[in-house]
Amino acid sequence: MSKRNALYIHGFMGNSKGGTFSALENFFRDWKIHSIPFPDLHIDTNKTKQVIKDYCREHDINILIGASLGAFYVLQHEELIDKLVINPCMYPSAEIVKLRDRETGAAFSLDKKVMEDFKEMEKYLDIKDEQKLRVFGIFAKDDELFHYQSSFDELFGDKNKEITNSILIDGHHSIEEQYLVTGLNAADIFFKRIQN
């Protein structure tokens, strides 16, 4: 298998070089993991999708990795590519409005167009079967924000039940590295298997 060239997409208000990124670098030592800030995740969906598409082409990315809202964008990426999602926010139009600003305590208010874009994207239309076989999801048992493993399995799982492409592990929404390693190990086995 050729060397993996990955792009990591952080979550809502996340850090492109935070704990998940560090865990990915520590585990996948032979992968080149790119990470850039995505400030428009909840402001401009079209711009975010275009940045991802352009970056993938310019840097020959062969696997997309996303956490939370970043994982939502990974799942939305239209080009055929390996995908790893960590606690994906499958339905951001329902979840972001529940969040509170850390400083003010006020609820987040999304622009009407962004909300409409999210709702349209959440339909998960036209997911190709060959793409479904190239996606792996990691879900934490104690995710305090949301839990979408059943939705993921329904949309992206192998209908023939020949391969398992999701795992439930210990941990919270920002999965602690000692637990995330279990999920990354399962993902590594999955990706090696589908490459053969």
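The shown structure was predicted, so the numbers you read here are calculated from the model rather than taken from an experiment.

Caption draft 1: A look at the packing of aromatic side chains. All told, the structure shown has 15 aromatic pairs when counted by the stated rule. Centroid distance F12 to F108: 5.0 Å. Interplanar angle 85°. Geometry classified as edge-to-face. Note that F12 is positioned in the loop between strand 1 (5-9) and helix 1 (19-27) and F108 in the loop between helix 4 (92-95) and helix 5 (112-121), a separation of 96 residues in sequence. According to the relative accessible area criterion, F108 is buried, its value standing at 18%.

Caption draft 2: Quick look at the side chain of E95. With respect to the element layout, E95 can be found in helix 4. The class for E95 is buried, based on a relative accessible area of 8%. The contacts of E95, once residues within four sequence positions are left out, are C89, L145, F146 and Y148.

Caption draft 3: Geometry of the layout of surface pockets. Its volume calculated, the largest pocket comes out at about 650 Å³. If you trace the largest pocket, you find 30 residues lining it, with F12, M13, G14, R102 and H173 closest to the centre. Considering each element in turn, the lining of the largest pocket owes the most residues, three residues, to helix 1. Roughly 380 Å³ of internal volume is contained in the second largest pocket. Surrounding the second largest pocket, 16 residues form its lining, L75, Q76, E78, L125 and D126 being those nearest its centre.

Caption draft 4: Here's a closer look at the pairing of strand 6 (residues 166-169). Bridge count between strand 5 (residues 135-140) and strand 6: four bridges; the pairing is parallel. Residue pairing in the sheet places F139 in a bridge with L168 of strand 6. In terms of handedness, the path from strand 5 via helix 7 (residues 149-156) over to strand 6 forms a crossover that is right-handed.

Caption draft 5: How the structure looks around the nonpolar core. By size, the foremost hydrophobic cluster in this structure holds 34 residues, and its most contacted members are L64 and F118. Elements supplying a minimum of two residues to this core: strand 1, helix 2 (45-58), helix 3 (69-76), helix 5, strand 5 and helix 7. Among the elements that line this core, the one with the most residues is helix 3, at six residues. The contact partners of L64, leaving out residues within four places of it in the chain, are L7, I9, I52, C56, V74, H77, I81, D82, K83 and L84. One finds A67, I169, I175 and L180 within the second-largest nonpolar core, a separate group that totals 25 residues.

Calculation criteria
Residues numbered from 1 in each chain as written. Predicted model: local features only at pLDDT ≥ 70, side-chain atom pairs only at ≥ 80, totals over all residues. Heavy atoms only, no water. Phe/Tyr/Trp six-rings, centres within 6.5 Å; stacked < 30°, edge-to-face > 60°. Helix = DSSP H or I, 4+ residues; strand = E, 2+ residues; numbered from the N terminus. Buried < 20%, exposed > 50% of the residue type's maximum accessible area, 1.4 Å probe, protein only. Contact = heavy atoms within 4.5 Å. 1 Å grid on protein atoms, 1.4 Å probe; cavity = no way out; pocket = protein on both sides within 12 Å on 5 of 7 lines; lining within 4 Å. Points joined across faces, edges and corners; volume = space filled by probe spheres on them. Pairing = 2+ DSSP bridges. Right-handed = clockwise from strand over helix to strand, strands pointing away. Core = buried A, V, L, I, M, F, W, Y, C linked by side-chain atoms within 4.5 Å.

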